[in-house]
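Structure at a glance
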Amino acid sequence: MQYDKKLMTFFWAVLFPFALMACGGPAKKTQTAASTAQSTYEEIDVPEKISRDQRDEWRKNLLLLPAEHPKRIPLREALVESYVEEIQATASDDVGQLVQLFSGALALHAPTDFSPGGVSPKLEPVAQKIVSVFEERGNEPVVLAALRYLMLARPEDVRVKERYLELADWSNSIRETIVGRIEQLTSLIDLYGQIVRMVPDREIVEHLAEMYVERHNLIVEKLEALSMSSRDISPLEMIMQRNALQTFPLEMMYIFFLTGDPAGARKHLAPFVEKGVVDVEVIELLDRIFQKRDLADSYFTLGNKMAAIDLLASLRAYIMARQTDPTDYRFPLHI
């Protein structure tokens, strides 16, 4: 799997301090509300303005802050403003740069921010620019993600919601012309998977989870039917469908982790344990997270699993493990 060079650089920039702590450095003084009744936080002075050259360092600082840290939102807003300035200065035909910057700005949000009124209002003008530029180019995932963000930024704006639903309905209807329900679902999963990576809205994730389950069941039925018949299936199709079966549990945990609730995947995965599709260890992991037992170990394990899909999500899980138990010095040195 290929990763963006800047993302890899940022990943290692954040990871290096962890490596130093793993070799014997002191634990951070920052604590979470769950660990003490009188929470104390490391002091941080948020700059009035963050330049492009300073952005990666402050992104790292933001990522390391607990969600409830009193300076997290001010720092997020300062960083968003830095992105907004660059996006506004980027030419409309530089579509790759626009997507990268818009995605980077959205990634500054914690999962809990993706709720009505919880996202940064400073991104509204650039989201409108993104919609305008990419609607002309027929880029559904980016336009839908921008519209979904605007729905959260302006929950009272009925027009934004109508526009999102209109485009989503059109996207769904187009895919109904694809021959084969498995193929239709695969296209829809790809579409909504790209959206939730940018805007992990819980409603979309639940819809995506239902599609994952439906596709899984259809693939199993198809492969069972083929095993009892003389019909052939192309090697490429066989590989793609078997890969979809193998990644099913991990993809399900991943999309719910993006919402801040990995245990939400349990209800979709538990029915598959008896079928031998999902290991009981996966359900036990999700149960521990839901019950807040052995959280540091559980998030560390989850981070190991998600590294194959999304390095930033994996890193967030490692940081959550660290924040849950600052005395736990296990870090992802093997990556």
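For the structure, check the block above.
Now for a look at the structure at hand. (Residues numbered from 1 in each chain as written. Predicted model: local features only at pLDDT ≥ 70, side-chain atom pairs only at ≥ 80, totals over all residues. Heavy atoms only, no water.)

As for the overall build of the protein chain
Quick note on the threshold: Elements are defined by DSSP. Helices are runs of H or I of four residues or more, strands are runs of E of two residues or more, and each kind is numbered from the N terminus. Categorising residues by exposure relies on relative accessible area from a 1.4 Å probe, with only protein chains included: less than 20% of the type maximum marks a residue as buried, more than 50% marks it as exposed, and the intermediate range marks it as partly exposed. Residue contacts are defined here by distance: any two heavy atoms, one from each residue, within 4.5 Å place the two residues in contact. Under the convention used here, a 1.4 Å probe and the Shrake-Rupley method define accessible areas, while residue burial counts only the protein chains that appear.
Of the regular secondary structure elements, the protein chain holds 14 helices and 0 strands. Classification of the 335 residues of the protein chain by burial places 49% in the buried group. Within the protein chain, contacts between residues at least 6 apart in sequence are counted, and of these 64% link residues at least 24 apart. A total of about 17,000 Å² of accessible surface is found on the protein chain, and carbon and sulfur atoms cover 54% of it.

Some details on the packing of aromatic side chains
When we look at a pair of aromatic rings, we describe it by the centre distance and by the angle of the planes. Our working rule: Side-chain rings of Phe, Tyr and Trp, where Trp is taken by its six-membered ring, are said to pair if the distance between their centres is within 6.5 Å; with planes under 30 degrees apart they count as stacked, over 60 as edge-to-face, and otherwise as tilted. By definition, being over a ring means that NZ of Lys or CZ of Arg is both within 6 Å of the ring centre and within 35 degrees of the ring normal.
One pass over the structure, following the stated rule, counts 2 aromatic pairs. Note on phenylalanine 248 and phenylalanine 272: the rings are 5.0 Å apart at their centroids and 75° apart in plane angle, and the pair reads as edge-to-face. Placement of the pair is phenylalanine 248 in helix α10 (residues 235-258) and phenylalanine 272 in the loop between α11 (266-269) and α12 (280-290), with a sequence separation of 24 residues. Residue phenylalanine 248 is classed as buried on the basis of its relative accessible area, which comes to 1%. Residues phenylalanine 300 and tyrosine 318 carry aromatic rings whose centres are separated by 5.2 Å and whose planes lie at 55° to one another, so their mutual orientation is tilted. Here phenylalanine 300 is found in helix α13 (residues 295-306), whereas its partner tyrosine 318 is found in helix α14 (residues 311-324), with 18 residues between them in sequence. The ring of tyrosine 83 carries the charged tip of arginine 55 above its face, separated from the ring centre by 4.2 Å.

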